[in-house]
Amino acid sequence: MAARPSWRCRVCGAAWPCSPARLALLGEYREDRTALLVYLGTLLCEAMSDLATLHDGETPQGLTERILTWARAR
């Protein structure tokens, strides 16, 4: 899980979800990609709010790609 409100990995400090977090999420939701996308969408909304507060109302660019779109089925 990400450290909030910075949305950095609690283990390695990289932007969450880092590669190990992505692999863990894919493993946890391997049978239900739709549930993973719903979960990540919820977290995206929370991250947008948290990060906007830290950045004077601006949401960092690329946040949707970082948190959500990587998990789309290919």
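Look up a bit, the structure's there.
Residues numbered from 1 in each chain as written. Predicted model: local features only at pLDDT ≥ 70, side-chain atom pairs only at ≥ 80, totals over all residues. Heavy atoms only, no water.

Undergrad: Please explain the overall build of the chain as it appears in this structure.
TA: Per the secondary structure count, the chain includes three helices and two strands. Going from N to C terminus, the chain has its helices and strands arranged as β-β-α-α-α. The C-alpha radius of gyration computed for the chain amounts to 12 Å, which stays within 12% of the reference 11 Å derived for 74 residues, consistent with globular compactness. When the backbone C-alpha atoms are referred to their principal axes, the chain occupies close to 40 × 25 × 15 Å. Counting the 74 residues in the chain, one finds 28% classified as buried. If you take every contact in the chain between residues at least 6 apart in sequence, the share linking residues at least 24 apart comes to 54%. For the chain, the accessible area works out to roughly 4800 Å², and carbon and sulfur atoms hold 53% of it. The distance from the centre of the 9 positive side-chain charges to the centre of the 8 negative ones in the chain is 7 Å. (Helix = DSSP H or I, 4+ residues; strand = E, 2+ residues; numbered from the N terminus. Rg over C-alpha atoms; globule rule 2.2 N^0.38 Å. Buried < 20%, exposed > 50% of the residue type's maximum accessible area, 1.4 Å probe, protein only. Contact = heavy atoms within 4.5 Å. Areas by Shrake-Rupley, 256 points an atom, 1.4 Å probe, with all protein chains shown as cover. Lys, Arg positive; Asp, Glu negative; His and termini not counted. Charge placed at Lys NZ, Arg CZ, Asp CG, Glu CD.)

Undergrad: Can you help me understand the side chain of Asp-50 in this one?
TA: In this structure, Asp-50 sits in helix α2 (residues 33-54). You can call Asp-50 buried: its relative accessible area is 15%. Once you skip the residues sitting within four places of it in the chain, Asp-50 turns out to touch Arg-4, Pro-5 and Trp-7.

Undergrad: Looking at this structure, how should I read the environment of Leu-44?
TA: On the secondary structure map, Leu-44 appears in helix α2. Assessed through its relative accessible area of 8%, Leu-44 is described here as buried. C-alpha separation for the pair Leu-44 and Met-1, spaced 43 residues apart in sequence, amounts to 13 Å. When neighbours within four sequence positions are excluded, Leu-44 is seen to be in contact with Leu-63, Thr-64, Ile-67 and Leu-68.

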